[in-house]
Amino acid sequence: MRLEGKHIVLGISGGIAAYKSAALLRLLIKEGAEVQVVITPNGKEFITPATLAALSGKPVVSEFFAANTGEWHSHVDLGLWADLMVIAPATACTLAKMATGVADNMLITTYLSAKEPVMVAPAMDLDMFAHPSTQRNLDTLRGDGVIVLDSPSGELASGLEGKGRMLEPEQILEKVVEHFESASRKDFAGEKVVITAGPTREKIDDVRFIANHSSGKMGMALAEEFASRGADVTLVCGPVEGRKPVDARVKTVKVESALEMLDAVKKEYRDADVTIFAAAVADYRPEVAVAGKIKREERGPMTLSLVENPDIAAEMGANKREGQVNVGFALESDNGLQNAAKKLDAKNLDLIVLNPANRSDAGFNADTDIITLIGRDNMKEEFPLMTKRQCASVIANAVAKIAR
Ligand code: PMT
């Protein structure tokens, strides 16, 4: 029984695939989960609460108040009780309400007060699924951290064909089991992981500097993901105002400039098993950092002479010992794949994470990102818009697969 002791809220909305929810419910119970069904008013048109109550051994929640007693059903309590909420089927309407917070039924209020991770299995016809508004809502939900279970792709010819169909109950069960297994996975136990994050500041004088928009969010998401998977994590972090990893197990070394970051990384790198270069390091620094404040003597152009900074990832790559894994990032606005592949070679990396420089929902300072992983032996894997923590999770999965 792989779900022994787990509390799951199964949300059912009104689509033809609702008849499959009974099979999913049986499978979850068979694996030892305790399941509370929350159904929308439309859902009840497709499957009866009596069937679901009999299978789950619990009264089904649908209305805000119990009809006979007027007792208030607390969605907040459900959110505290559950370890996971799975909404299957999730119709276009339910996805839209989730994305916009239209809390007019118990399923949506439960979702809005959920403290636990939420999974949705979309179910609708292809036209509705392909409509830009549905796709927008799915992107919003992914950005909010919802795990979107995509339609089966095995038998699909290409593109969107077959999309919108709900995953089979057996496949949803496997996703649920995988979710709990990965949450308790300690596959980096005993390994030292060094991560660079944030921008660097290159001093012009005592009051001015050259920097960039990196917030450190990606590096911190990686630090938290690896720490949660048992690694001993050191984060070498440039100046990021007021932000620090939430996980107290992460050791943080604060630096300002590229030269300071290089020094700190060198110290940590020797006994590192995995090193990830997520920082946006300034490629150049002013040749001289002037003491005090440069005065504006007279009107007219001013010339700043810049010198090249060391390439930290390349230097570490050149000194990589057997068994060490180095992962870089490539922030690109065009020719991403070619440029990332070049950086993979030039910096002797094992894996590079390509992300776009020209979108507001990805790259610098965003909470989400759109990544492509490029590895050795022509390995290439593209991912949809995900939270940076979800990106960190797939990056960690890819690192775990690299032979050491
Ligand atoms: O911090 P966030 O706001 O969350 O944003 C995340 C991010 C956009 C900074 C991150 O996802 C990212 O893409 N980081 C790398 C940005 C970058 O500088 O890319 P690059 O293509 O210029 O550099 C390639 C690789 O070499 C990177 O791994 C970089 O860390 C490393 N490098 C670059 C120059 C240098 N002097 N030293 C380096 O180590």
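Everything in this summary refers to the structure shown in the same document.

A separate point is the state of the cysteines. Across all of its chains, the model carries 0 disulfides by this definition. The thiol of Cys-237 is not disulfide-bonded; the next cysteine sulfur, from Cys-391, is found 18 Å away.

On to the sheet that holds strand β3 (residues 84-90). With parallel pairing, the 5 strands of this open sheet are ordered in space as β2-β1-β3-β4-β5. A single partner strand is all that each edge strand has here, and the edge strands are β2 (34-39) and β5 (147-148).

Inspection of the secondary structure assignment puts Ser-215 in the loop between β8 (209-210) and α9 (217-228). Engagement of the side chain of Ser-215 in a polar contact is seen with the backbone nitrogen of Lys-217, the distance being 3.2 Å. Not counting residues up to four positions away in its chain, the partners in contact with Ser-215 are Val-240, Arg-243 and Asn-365.

Our focus in this paragraph is the sheet that holds strand β11 (residues 274-277). Taking strand neighbours across the sheet as the criterion, the 8 strands line up as β10-β9-β6-β11-β14-β15-β17-β18 in an open arrangement whose pairing is mixed. The outermost strands of the open sheet, each flanked by one partner alone, are β10 (251-254) and β18 (380-382). Strand-to-strand twist across the sheet, computed as the mean angle between neighbouring axes with direction ignored, equals 15 degrees.

So, on to the nonpolar core. Grouped burial of nonpolar side chains is what soluble globular proteins tend to show. Ranked by size, the top nonpolar core spans 36 residues in total, and within it Ile-195, Leu-222, Phe-226, Val-233, Ile-371 and Val-399 carry the most contacts. At the level of secondary structure, the elements contributing two or more residues to this core comprise β6 (192-197), α9, β9 (232-237), β11, β14 (325-332), β15 (351-356) and α13 (388-401). Ala-17, Leu-28, Met-119 and Leu-173 belong to the second-largest nonpolar core, a separate cluster that totals 31 residues.

Below, the discussion takes up the site of the ligand. Taken together, 26 residues lie around the ligand, and Ser-214, Ser-215, Phe-277, Lys-343 and Asn-365 are the ones closest in. One of the side-chain nitrogen or oxygen atoms of Ser-214 is found 2.6 Å away from an oxygen atom of the ligand. Between Ala-313 and the ligand, the recorded distance is 2.9 Å, taken from a backbone N or O atom to an oxygen atom. Relative to its free-state accessible area of 770 Å², the ligand is covered by the protein chains to the extent of 95%. Spatially, the ligand is embedded in the second largest pocket. Looking at the shell around the ligand, the elements with two or more residues in it are α9, α11 (312-318) and β14. Sort the elements by how many residues they give to the shell around the ligand and β14 lands first, with 4 residues.

Parameters and conventions
Residues numbered from 1 in each chain as written. Predicted model: local features only at pLDDT ≥ 70, side-chain atom pairs only at ≥ 80, totals over all residues. Heavy atoms only, no water. Disulfide = S-S within 2.5 Å. Pairing = 2+ DSSP bridges. Helix = DSSP H or I, 4+ residues; strand = E, 2+ residues; numbered from the N terminus. Polar contact = N/O pair within 3.5 Å; in protein donor to acceptor, adjacent residues only side chain to side chain. Contact = heavy atoms within 4.5 Å. Axes fitted to C-alpha atoms, helices over the stretch in contact; angles between N-to-C directions. Core = buried A, V, L, I, M, F, W, Y, C linked by side-chain atoms within 4.5 Å. Buried < 20%, exposed > 50% of the residue type's maximum accessible area, 1.4 Å probe, protein only. Near = heavy atom within 4 Å. Areas by Shrake-Rupley, 256 points an atom, 1.4 Å probe, with all protein chains shown as cover. 1 Å grid on protein atoms, 1.4 Å probe; cavity = no way out; pocket = protein on both sides within 12 Å on 5 of 7 lines; lining within 4 Å. Sits in = over half its atoms within 2 Å of the grid points.

Function cannot be inferred from these measures alone, as they are strictly geometric.
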